[in-house]
Amino acid sequence: TILVLGSNGQIGTELVHTLRKAHGESNVVACDIRRPDYDIKNAGPFEFVNVLEKDTLADLFARYKPTQVYLLAALLSATGEQNPKLAWDLNMNGLLNILDLALTYKTAKVYWPSSIAAFGLNSPKQHTPQFCIMDPNTVYGISKLAGERWCEYYHQRYGLDVRSIRYPGLISWKAAPGGGTTDYAIHIFHDALKKGTYNCFLNAETELPMMYMDDAIRGTIELMEAPAEQISIRSSYNLTGFSFTPEVLAAEIKNHIPGFSLQYTESDPRQAIADSWPKSIDDSVASKDWGWKPEFDLAKMTTDMLRNLTKS
Ligand code: VAH
């Protein structure tokens, strides 16, 4: 059995779908603190789970004896700054609970996402390498950096097979994003179709590393399926698709919606968060270790987003 904790989130929703296609619906249990919005009846096995309640979690592990666990439950960067203590508690103690229980119940593999948010103002901005200074200044980024250190510790000290990816901004259409700084790159598509214009909370020159969700899900599965001896990174792998600014993204959207216009709001707290992150990522270690290669570039992603949002 595979458990996906945080199954209702932007990544979790698609990961559950993909894992169920590969392993069979009854072998993938969706777990979240709130019911999914889709109707629960024919939606495969679901469990109400709060990853901070260790006894409920222990009962879940005892019942399912999972072979794999994906922990996606977290507060993201912008929400985390509004609720720092909860963000630290959920992001850190949620992970520690899962790492402990995975050891106790001999879970074969654990997946936990880190983020480019683990880098900070003094990390190199362009082609940010796998190893460099990391001084994150958001609670989310601090929890991701600390989480990476704990994952590597549980691997080295206890032999736990835990794997991780530093996701860039993820763009998708199936499930809403969860309060991140890169969410503008999703809202812009919805507004372009609905209103022909979008009010962006990041300024025109804010370049950030991004990835289409299809690539993120495929990369996650490829990492989890790779033979353990190929995995040289037990903190978290750099991974990226492509980088762009709001201006460049708007120009690409205009290729499909000529009348589209982009406005910019005055200062927004998310600007400082974005300014502390890399502009582009060097993911050559992932390519070397387990053959990572993105399939979507900006043009292909834009086409796919607009096509799916128009028809859904
Ligand atoms: C966020 N979408 O904005 C997440 C992600 C790199 C960005 O971590 O917080």
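Residues numbered from 1 in each chain as written. Predicted model: local features only at pLDDT ≥ 70, side-chain atom pairs only at ≥ 80, totals over all residues. Heavy atoms only, no water.

**Student:** So what's going on with the overall build of the protein? Residues and values would help.
**Tutor:** Regarding its fold elements, the protein presents eleven helices and 14 strands. The globule rule puts the C-alpha radius of gyration for 312 residues at 20 Å, and the 19 Å found for the protein is close to it. Dimensions of the protein, computed from C-alpha atoms along their principal axes, come out at roughly 55 × 45 × 40 Å. Summarising the internal contacts of the protein: among those between residues at least 6 apart in sequence, 79% fall at separations of at least 24. Counting only carbon and sulfur atoms, one obtains 54% of the accessible surface of the protein, whose full area is about 13,100 Å². (Helix = DSSP H or I, 4+ residues; strand = E, 2+ residues; numbered from the N terminus. Rg over C-alpha atoms; globule rule 2.2 N^0.38 Å. Contact = heavy atoms within 4.5 Å. Areas by Shrake-Rupley, 256 points an atom, 1.4 Å probe, with all protein chains shown as cover.)

**Student:** Please set out the site of the ligand residue by residue, giving values where relevant.
**Tutor:** In the vicinity of the ligand, the residues found are Leu76, Ser77, Ser115, Ile116, Tyr140, Tyr167, Pro168, Gly169, Gly180, Thr181, Thr182 and Trp277. If the ligand stood free it would expose 270 Å²; the protein chains cover 94% of that surface. (Near = heavy atom within 4 Å.)

**Student:** Lay out unusual backbone geometry with the relevant residues and their values.
**Tutor:** Backbone geometry follows two general trends: most residues other than glycine have a negative phi, and most peptide bonds adopt the trans configuration. At Lys65, a residue that is not glycine, the phi angle is positive and equals roughly 40 degrees. Structurally, Lys65 can be placed in the loop between helix H2 (54–64) and strand E4 (68–71).

**Student:** Explain the packing of aromatic side chains to me, using residue names and the numbers behind them.
**Tutor:** Applying the stated rule across the entire model yields 14 aromatic pairs. Their ring planes at 85 degrees and their centres at 5.7 Å tell us that Tyr237 and Trp290 sit as a pair that is edge-to-face. Of this pair, Tyr237 sits in strand E12 (residues 237–238) while Trp290 sits in helix H10 (residues 284–290), and the two are 53 residues apart along the sequence. Trp290 matches Tyr237 in its accessibility class, with the two residues each being buried. One aromatic cluster is present, built from ring pairs that chain together Trp150, Tyr153, Tyr154 and Tyr158. Over the face of the ring belonging to Phe201 we find Arg270, whose NZ or CZ atom lies 3.4 Å from the ring centre. Over the face of the ring belonging to Phe296 we find Lys300, whose NZ or CZ atom lies 4.4 Å from the ring centre. (Phe/Tyr/Trp six-rings, centres within 6.5 Å; stacked < 30°, edge-to-face > 60°. Buried < 20%, exposed > 50% of the residue type's maximum accessible area, 1.4 Å probe, protein only. Lys NZ or Arg CZ within 6 Å of the ring centre and 35° of its normal.)

**Student:** If you had to explain the pattern of salt bridges to someone new, which residues and values would you point to?
**Tutor:** Counted by the stated rule, this structure contains 15 salt bridges. Lys54 is the partner of Asp100 in a salt bridge, and the nearest nitrogen-oxygen pair spans 3.0 Å. Taken together, the positions of Asp100 in helix H4 (residues 84–104) and Lys54 in helix H2 put the pair 46 residues apart, joining distant regions of the chain. Since its relative accessible area comes to 28%, Asp100 is described here as partly exposed. Between Glu148 and Arg166 there is a salt bridge, and its shortest N-O distance comes to 2.7 Å. Separated by 18 residues along the polypeptide, Glu148 in helix H5 (residues 139–158) and Arg166 in strand E8 (residues 165–167) bring together distant segments of the chain. Using a relative accessible area of 1% as the deciding quantity, one classes Glu148 as buried. You can call Arg166 buried: its relative accessible area is 3%. The network of salt bridges with common partners includes Asp215, Arg218, Glu222 and Glu295. (Salt bridge = Lys/Arg side-chain N within 4 Å of Asp/Glu carboxyl O.)

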